[in-house]
Amino acid sequence: MASVAETIRRNRSEIIRRWSEQATRAASARRLDGPEFENVIPTYLASLADEEGAPGALANARKAHIESHVAARLRQGFNVAEVIEEFAILGRCITHTWANASPEARPSVQDVERLFTELHDASTAVAEIFSQHLMEDEQTEKRYLRLLQQGASEALMEETTSLHHHLKGALELVVEAMGAQSAAVLLYEVEGERLVTAAAAGIASEHLENYATSMSPASFPGMVAAGGDETSSVLDAETTPLELSPLLRQSGLRSLLGVRLPPHRALVGIMFVGLTEVREFTAREKARLLSLGQQLGVHLDNAKLYAKLREKIEALQAERALREHFVSVLAHDLRGPLSAAKSGAQLLMRHPERLDQRRDLALRIDRNIERTDQMVRDLLDANRIQAGQRLPLRLDTCDLGGVAQEVVEELIALHGDRFVLHAEERVRGVWSAEELRRALWNLGSNAIKYGSATEPITFTVTRTGDTARASVHNRGPVIALTDQEQIFKPFTRTHSAQEGTSRGWGLGLALVWGCAQAHGGSVTVQSDAATGTTFTLTLPLDSRPYQPREP
């Protein structure tokens, strides 16, 4: 009667061949790569054949073989049931060698029982090793998630830490956690509808940080962004038909695995890791990257919210400083005409008998009170504009050129003969002459304050079709584009105005905008070094259709 060990020695090549075929079919059925068989199983099989007359003598050696086999299968993405099945297949392949043999040539029942006891023990060891691995793997993942969270919290506490610096530190943890050679985060730019690298770590990071790509589904980043809560991978970056940056193809990275940030809701960006070897990523690696990506997505959301909060705080602080400055300027500007009116009134009270002789004082009092009233009206109208309300208008037929002529004459009387008017005849419409006068006065006053001290200031009034235009042009410092976007808001002054010596409330241009809007028109500014600065007020010829209906 032959022993199991003798049968294995005699049929070793046939057992390995048959086992390899069946194990490959089982792996392929689960869409796994064909296992590499010229490794542990032949050695394990040889240890079974070497126990002739000494059952259990090589138990420790076989345990080491099992641990090596499981470690290899873990790297290849096998789960516990698939590895246990491999040992079951091995048992079937061994017993097949004596299936057609005569009873005398078959191993004894006790010998066969010892074989299957050994295979059962091997399966139990596989399950224990997997269980231990999963526990350790879970603890490792928790550790990296904790480190990511800790790093994000510290970054939020340090106001000087940039998003790039924070993300680079997080990616270094991701590289370590994934056993990868590189990682990168690309953030989504809504304006350009593209992904731009925010940070990278590992090899080729200097190339990846210059990586920008469209959202095309034919590109690897576009495929990742469309992946939702699934990972997307590239087996070989050098040969993939997907669109990839030439720098990325030549970076030395071969296999890529990416995840969307966040998996759901509005796209913030993507994260991917890269390996220098060509291989499929295991299910566990994909799950880990999903977990890390979800945590990183939360941190990016928090960073965005924190940035918005800081912007809001800075805006509130700026508004507070502006209001304090405004109150200071307001007190100064109101004190002047009120003090003059008060002094004049006191003189008249002390010498009432000279009232007829001091009519100049009465006129001065009237002018200063009118100035004070105009300041208060400007302030109330600016607050009305800031609240989203329209300026109330008293509409009548008037001549825009005539209004401009009055303003120019008043400005010449105050500031000298630097003002020029070019007006077409009979540019007439249904407007509020009072509001137009204030708007043009504010534009002319601003040109004096902030423009060239020697160049002329030109008013131009024209009519084109159903619209009329009044523009004020001056030479001098250019208004920056960033200031042009904010210049018509109440209580706003340009950087050059704040740094200059001219005082102001920041209401003039807001009132010009309010005048244009109330008439159903618009106001624009064009400023450059070659042509100077021009403010243009555009009005419909009849503003009545643009007025709010009476309740």
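Above: the structure in question.
This one's a predicted model, so the numbers in the text were calculated from it and none came from an experiment.

Section: the overall build of the protein chain
The secondary structure content of the protein chain amounts to 17 helices and 13 strands. Looking at the protein chain as a whole, 43% of its 551 residues are labelled buried. Of all intrachain contacts in the protein chain linking residues separated by at least 6 positions in sequence, the fraction that spans at least 24 positions is 67%.

Comments concerning the packing of helix H14 (residues 433–450) against helix H17 (residues 508–518)
Remark: H14 packs on H17, axes separated minimally by 9 Å, with the N-to-C direction vectors making an angle of 145°. For the pair H14 and H17, the crossing hand works out as left-handed. For the pair formed by H14 and H17, the contact residues are Glu435, Leu436, Arg438, Ala439, Asn442, Leu443 and Asn446 on the first element and Gly508, Leu509, Leu511, Val512 and Cys515 on the second. Its residues assigned to classes, the contact of H14 with H17 shows seven nonpolar, three polar and two charged.

A closer look at the pairing of strand S10 (residues 457–464)
For strand S8 (residues 419–423) and S10, the ladder comprises five bridges, and the chain directions are parallel. Across the sheet, the residue bridging to histidine 422 is threonine 460, located in S10. The pairing of S10 with strand S11 (residues 467–474) spans seven bridges and is antiparallel. What sits directly across from phenylalanine 459, in S11, is valine 472. Between S10 and the antiparallel strand that follows it, S11, lie two residues; glycine 465 among them carries a positive phi value of about 60°.

Points about the packing of aromatic side chains
Enumeration according to the criterion identifies four aromatic pairs in this entry. A centroid spacing of 5.8 Å and a plane angle of 75° characterise the contact between phenylalanine 220 and phenylalanine 272, whose relative ring orientation is edge-to-face. Here the residue phenylalanine 220 occupies a position in helix H9 (residues 220–225), and phenylalanine 272 occupies one in strand S6 (residues 269–275), the gap between them amounting to 52 residues. For the pair shown, phenylalanine 220 and phenylalanine 272 are each scored as buried. When the ring of phenylalanine 419 is compared with that of phenylalanine 459, the centres are 6.4 Å apart and the planes differ by 50°; the resulting orientation is tilted. With a gap of 40 residues between them, phenylalanine 419 in strand S8 and phenylalanine 459 in strand S10 connect regions that are remote in the sequence.

A short note on the sheet that holds strand S3 (residues 212–214)
Strands sit in the order S3-S2-S1-S6-S5-S4 across an open sheet of six strands; the sheet is antiparallel. Since the sheet does not close on itself, it has two edges, and those belong to S3 and strand S4 (232–234), each with one partner. Across this sheet, the average inter-strand angle for adjacent strands is 25°, counted without regard to direction. Pairing of strand S1 (residues 182–189) with S6, which is carried by six bridges, proceeds in the antiparallel orientation. Each bridged residue has a counterpart across the sheet, and for serine 182 the counterpart in S6 is glycine 274.

Observations concerning the packing of helix H13 (residues 400–415) against H14
Following both chains from N to C, one finds H13 and H14 inclined at 40°, their axes separated by 9 Å at the closest point. The angle between H13 and H14 falls in the class oblique. Seen from above, H13 lies across H14 with right-handed handedness. Contact residues: H13 offers Leu400, Val403, Ala404, Glu406, Val407, Glu410, Leu411, Leu414 and His415, while H14 offers Ala433, Leu436, Arg437, Leu440, Trp441, Gly444, Ser445 and Ile448.

A few points about the pairing of strand S5 (residues 255–261)
With respect to burial, S5 is a largely interior element, seven of its seven residues being buried. Here S5 shows two buried faces, one formed by Ser255, Leu257, Val259 and Leu261 and the other by Leu256, Gly258 and Arg260. Relative to S5, S4 runs antiparallel, the two sharing three bridges. When the sheet's bridge partners are listed, serine 233 is paired in S5 with leucine 257.

Quick notes on the rules
Residues numbered from 1 in each chain as written. Predicted model: local features only at pLDDT ≥ 70, side-chain atom pairs only at ≥ 80, totals over all residues. Heavy atoms only, no water. Helix = DSSP H or I, 4+ residues; strand = E, 2+ residues; numbered from the N terminus. Buried < 20%, exposed > 50% of the residue type's maximum accessible area, 1.4 Å probe, protein only. Contact = heavy atoms within 4.5 Å. Axes fitted to C-alpha atoms, helices over the stretch in contact; angles between N-to-C directions. Left-handed = near helix turned anticlockwise from the far one by under 90°. Nonpolar A, V, L, I, M, F, W, Y, C, P; charged D, E, K, R; others polar. Pairing = 2+ DSSP bridges. Phe/Tyr/Trp six-rings, centres within 6.5 Å; stacked < 30°, edge-to-face > 60°. Parallel < 35°, antiparallel > 145°, perpendicular 65-115°, else oblique.

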